[in-house]
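These are the residues of each chain, in order.
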Amino acid sequence: MRAAVLRGGRMVYRDDVPDPVPGPGQVLVAVRSCGICGSDLHFAAHGDEVVAMTERVSAGAGGMDVDLGRDVFMGHEFSAEVLEAGPDTETHPAGTLVTSIPVVLSGKGVEPIVYSNSTIGGYAERMLLSAPLLLPVPNGLDFRHASLTEPMAVGLHAVNKSNIAPGETALVLGCGPIGIAIIAALAARGVESVVASDFSPKRRELATAMGAHRALDPAQGSPFDTVKPAVVFEAVGVPGIIDDVLLRARPGTRLVVAGVCMQPDTVHPFFAIAKEINVQFVLAYSPEEFADSLRALAEGDIDVTPLITGEVGLDGVGAAFDDLADPERHCKILVTP
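Conventions and cut-offs
Residues numbered from 1 in each chain as written. Predicted model: local features only at pLDDT ≥ 70, side-chain atom pairs only at ≥ 80, totals over all residues. Heavy atoms only, no water. UniProt positions renumbered as here; feature names shortened; annotations may be inferred. Helix = DSSP H or I, 4+ residues; strand = E, 2+ residues; numbered from the N terminus. Buried < 20%, exposed > 50% of the residue type's maximum accessible area, 1.4 Å probe, protein only. Contact = heavy atoms within 4.5 Å. Pairing = 2+ DSSP bridges. 1 Å grid on protein atoms, 1.4 Å probe; cavity = no way out; pocket = protein on both sides within 12 Å on 5 of 7 lines; lining within 4 Å. Points joined across faces, edges and corners; volume = space filled by probe spheres on them. Nonpolar A, V, L, I, M, F, W, Y, C, P; charged D, E, K, R; others polar.

The name given to the protein chain in an unreviewed UniProt entry is Zinc-binding dehydrogenase, with Mycobacterium helveticum as the source organism.

Structure below.
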């Protein structure tokens, strides 16, 4: 079958990948749509660093079992159509549109659908999912929109961790896909004052379309000069941002760090101590939040139409990775096999 794989830091097209065969409890699905995630772009460029950091944080508990000298399968933001079930497996009828948290259960245990030499992800014609984890896509939701359940769940998780109330002001620093997902979740929650900050005019425009009440250009001055947020969401992920927030935020601020910074960073704890700032780091989402994200899309609480700025086939994934480097051109490109 056809797929796009990471090879030597570049996404390349293959038409000779063996078809996956479902085992007990598994379901073979045809991928309908898969979003390209910023973490995939980062892994393509800095895979060695990601593997090394993951091994360090896992403290010998297995780390990331991937060999960058071989082809790597990726793609974890997907919707798919049920084709057939494995032996002794009950599942939804063939043709059912589904999505799932990006893991598959096998005899080896829980295999993440993220970066793997063997577990096929959404940048392929077909893949395996686990029958107990499948969520049927409700309300006739477009399969392209359904594939964005996963990144929207990341934003929802960050908002849930913040414990923000509707009457509080939120400041979102960085309006890439994760910042935008946070803004969408804040708007869906009914937060009455959502302020976004990004250097990119296109991203500020998108932030407003997704629910931000104001969008500021940090090149024109710190957003803290005009905004006194109760909660700050950091979705930039570069050194220096956290420390700047600790310095500028008002006493009692809650800082939620969703941006993934891979470099060492320096902070002044005194800034946070003096103002009793609460710092919460966040990652991914729970299965319940994933389901809630799908429900929000299907019921129209969140409209992801403005996020989708491009669509490519499997043979166009490499070029799409390059195109996503320009925030003025794209936010989310979907791969539709």
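Now that the structure has been shown, we can carry on.
Asks: Describe in detail the UniProt feature "domain: Alcohol dehydrogenase-like C-terminal" (unreviewed entry) in the protein chain, supporting the description with residues and values.
Replies: What UniProt calls "domain: Alcohol dehydrogenase-like C-terminal" (unreviewed entry) maps, in this numbering, to residues 177-298. Taken end to end, residues 177-298 has its terminal C-alpha atoms 19 Å apart, with 40% of it in helix and 16% in strand.

Asks: Lay out the environment of Val282 in plain terms, naming residues and giving numbers.
Replies: Tracing the backbone through its elements, the reader meets Val282 in the loop between β15 (278-281) and α8 (287-298). Among the residues examined, Val282 registers a relative accessible area of 15% and is labelled buried. For the pair Val282 and Ala158, spaced 124 residues apart in sequence, the C-alpha to C-alpha distance is 6.1 Å. Leave out the neighbours within four places in its chain, and Val282 touches His157, Ala158, Lys161, Val256, Val257 and Ala258.

Asks: Account for the pairing of strand β2 (residues 10-14), naming residues and giving values.
Replies: Look at any regular strand and the pattern is simple: side chains alternate between the two faces of the sheet. Where strand β1 (residues 3-7) and β2 come together, five bridges link them in antiparallel fashion. Looking at the pairing, Arg7 lines up with Arg10 of β2. Following β1, the chain reverses through two residues before pairing antiparallel with β2; Gly8 in that reversal takes a positive phi of roughly 60 degrees.

Asks: So what's going on with the layout of surface pockets? Which residues, and what values?
Replies: Within this model, the second largest pocket holds a volume of roughly 180 Å³. Residue lining of the second largest pocket: Pro20, Gln26, Val104, Ser106, Lys108, Glu111, Ser118, Thr119, Ile120, Met127 and Leu128, and that is the complete set. Listed by contribution, the elements that provide at least two residues to the lining of the second largest pocket are β6 (103-106) and β8 (126-130). Residues of the lining of the second largest pocket, tallied by class, amount to five nonpolar, four polar and two charged.

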